[in-house]
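If you want the building blocks of each chain, they are given just below.
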Amino acid sequence: MVHELSRADARRVAVRAQRLTDPRPTDLHDAVRALSLVQLDPVSAIAPSADLVLWSRIGSSYDVQELKDAINELTVLELRGSLRVAEDIALYRADMEVWPGTGDVRQWRKSVAEWVKANDGCRLDILDRLRSDGPLPLKELPDTCARPWRSTGWNNNKNVPMLLDAMVARGEVAVAGRQGREKLWDLAERIYPDDEHPDIEESARLRDARRLGSLGIARSKGPECPIEPVDVRDAGEPAVVEGVKGEWRVDPAQLGQPFSGRAALLSPFDRLLHDRKRMSELFEFEYALEMYKPAATRRWGYYALPILYDDRLIGKLDAASDRDAGELRINAVHEDEPFSKKVRTAVETEIEDLAEWLQLDLVR
């Protein structure tokens, strides 16, 4: 059976799966678990992205200290540039044990594995140092690499960070919390839950199911992504969306459920719009993060927040936090189509809630 969905049906499945409806989630761990992951990003033009994601779900009752405590207490863990509930790490352990992989391994993975092997002495030095003194920040870990990391990008000669990335992929080290914005590293055996984990095939199946549960609807195949795939292979059930080419996979648990939409201001790294192709196909929304563009060429602003209302993405909020001045400055509210009075009131309420949560004065 192939489910036949309208675009509105598909959007509502996606919005509901991302916990952007009423009633709002109230528990931090439940929210992270439902989202599958919360992506991290160092830019904090308004607030850190992970905090924005959780505020947009929970609202002003969300306390950023609660997330910091969960990370330091190891109930929420960092993996692949994102936060996940600790029990989900078990779904990645089988892959860690056979890194860089089995079967037809991509050439770039082979190259990284060869580089790690060439620097096995440094890898062992890092493990010894962590075993005796961990957790430690990056600056306190030894760089005894025999073969430097070479690239044409900003990672050139960043030997220890690149080696730590590979050691995370191998399941040897893990992020043990943070000291301010700086990661602390320790042995993975001290950080990850000591749970039995599924084999590779079952882990992949469960990850696909978890991902589809958080997205609601996704393609079965997609491009390789450095943090987390956007496709779900055979998870869920097949579906077609009216006006959109190709077949989708949909979480059947999301079908036929009541929908109570609301307004929300989203991080540019929100999973609702992380897959820009899906965003365009289902929401017919145009958006780009413009912080790397020259100011004169920006259409919506340095760090514009997409605006959700009901099941539609309807505009962008150009805003910035000035902590020194104690202000949340609203530069513009870009309306893709003119807002109705009801929509404008709902969006203004979210903007006021954002300022209240940030404990900043609202300046227009």
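Everything numeric here is computed off the predicted structure, so don't read it as measured data.

What counts and how
Residues numbered from 1 in each chain as written. Predicted model: local features only at pLDDT ≥ 70, side-chain atom pairs only at ≥ 80, totals over all residues. Heavy atoms only, no water. 1 Å grid on protein atoms, 1.4 Å probe; cavity = no way out; pocket = protein on both sides within 12 Å on 5 of 7 lines; lining within 4 Å. Points joined across faces, edges and corners; volume = space filled by probe spheres on them. Helix = DSSP H or I, 4+ residues; strand = E, 2+ residues; numbered from the N terminus. Nonpolar A, V, L, I, M, F, W, Y, C, P; charged D, E, K, R; others polar. Phe/Tyr/Trp six-rings, centres within 6.5 Å; stacked < 30°, edge-to-face > 60°. Buried < 20%, exposed > 50% of the residue type's maximum accessible area, 1.4 Å probe, protein only.

Caption draft 1: Summary view of the layout of surface pockets. Estimated volume of the second largest pocket: approximately 250 Å³. Arg312, Leu313, Ile314, Asp336 and Glu337 are, among the 14 residues lining the second largest pocket, the residues nearest its centre. The greatest single-element share of the lining of the second largest pocket, amounting to four residues, is contributed by strand S13 (residues 312–322). A per-class count over the lining of the second largest pocket returns seven nonpolar, one polar and six charged.

Caption draft 2: Spotlight on the packing of aromatic side chains. Tallying each qualifying case throughout the model produces five aromatic pairs. On the basis of an interplanar angle of 20 degrees and a centroid distance of 5.7 Å, the ring pair of Trp55 and Trp357 is categorised as stacked. On the criterion of sequence distance, the pair formed by Trp55 in helix H3 (residues 49–58) and Trp357 in helix H13 (residues 341–358) is long-range, its members being 302 residues apart. Overall, the relative accessible area of 0% leaves Trp55 in the buried class. Trp357 gets classed as buried once you look at its relative accessible area, which sits at 11%. Taking 6.0 Å as the distance between ring centres and 35 degrees as the angle between the ring planes, the aromatic pair formed by Tyr62 and Trp357 counts as tilted. With Tyr62 in the loop between H3 and helix H4 (64–72) and Trp357 in helix H13, the pair connects residues that are 295 residues apart, well separated along the chain.

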